[in-house]
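# Understanding the architecture of this molecule
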Amino acid sequence: SGWLSVADRQEMAARIYATEDASLAATVSSLEESFNARQASLAPSVKAAYLKGLRSLDDSIRECRASLEREPCNTLTRAYLVSAYTQKAEVLAAALKFDVP
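## Overview of the environment of Q87
Turning to its location among the elements, Q87 is positioned in helix 3 (residues 75–97). Sequence spacing of Q87 and V28 is 59 residues, and the spatial spacing of their C-alpha atoms is 9.8 Å.

Structure (structure tokens):
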């Protein structure tokens, strides 16, 4: 029959999610490169605040990825991962808009 088994559906979902994750990671990575090139021009206190927030988001992303390796189709963890990537992109974008004296 043409029906996919549960295992096949889970594998397909995991592949789709991995592609989406890679796209999010690439977007964030591009923003990170820009931020890293510019962070030396930020005031030390501003730079420290951004770096602290980014480290926290990196921890969340790492935890979500580890959890998804164990359970690739966990939709709640996937939503947290997307949220963490989105927040990180927003923090980086805000840092890049910060006026440098």
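That covers the picture; the talk isn't over yet.
## Considering the pattern of salt bridges
A side chain of one charge can pair with a side chain of the opposite charge when the charged atoms of the two come close. One pass over the full model with this rule turns up three salt bridges. K88 is the partner of E32 in a salt bridge, and the nearest nitrogen-oxygen pair spans 2.7 Å. Note that E32 is positioned in helix 1 (residues 6–38) and K88 in helix 3, a separation of 56 residues in sequence. When its relative accessible area of 26% is taken as the criterion, E32 is described as partly exposed.

## Some remarks on helix 2 (residues 44–70)
The end-to-end C-alpha distance of helix 2, which contains 27 residues, comes to 39 Å, matching closely the 39 Å that a straight helix rising 1.5 Å per residue would cover. Here helix 2 has its buried residues at V46, Y50, L54, L57, I61, C64, S67 and L68.

## Observations regarding the side chain of K88
Look at K88 and you get buried, because its relative accessible area is 4%. Only 2.4 Å separates the side chain of K88 from the side chain of D58, close enough to count as a polar contact.

## Brief notes about helix 3
When the terminal C-alpha atoms of helix 3 are compared, their 33 Å separation across 23 residues agrees well with the 33 Å that a helix rising 1.5 Å per residue should span. Sitting at the amino-terminal end of helix 3 is N74, which places a side-chain oxygen 3.0 Å from the backbone nitrogen of L76.

## Here's the deal with the packing of helix 2 against helix 3
Direction vectors running N to C along helix 2 and helix 3 enclose 160°, while the axes themselves pass 9 Å from each other. Between helix 2 and helix 3, the interaxial angle falls into the category roughly antiparallel. Crossing of helix 2 against helix 3: the hand is left-handed. On helix 3, the residues touching Y50, L54, L57, D58, S60, I61, C64, R65, S67 and L68 of helix 2 are T77, R78, Y80, L81, A84, Y85, Q87, K88, V91, L92, A94 and A95. Across the contact of helix 2 with helix 3, the residue classes break down as 14 nonpolar, four polar and four charged.

Thresholds applied
Residues numbered from 1 in each chain as written. Predicted model: local features only at pLDDT ≥ 70, side-chain atom pairs only at ≥ 80, totals over all residues. Heavy atoms only, no water. Helix = DSSP H or I, 4+ residues; strand = E, 2+ residues; numbered from the N terminus. Salt bridge = Lys/Arg side-chain N within 4 Å of Asp/Glu carboxyl O. Buried < 20%, exposed > 50% of the residue type's maximum accessible area, 1.4 Å probe, protein only. Expected span 1.5 Å × (residues − 1). Polar contact = N/O pair within 3.5 Å; in protein donor to acceptor, adjacent residues only side chain to side chain. Axes fitted to C-alpha atoms, helices over the stretch in contact; angles between N-to-C directions. Parallel < 35°, antiparallel > 145°, perpendicular 65-115°, else oblique. Left-handed = near helix turned anticlockwise from the far one by under 90°. Contact = heavy atoms within 4.5 Å. Nonpolar A, V, L, I, M, F, W, Y, C, P; charged D, E, K, R; others polar.

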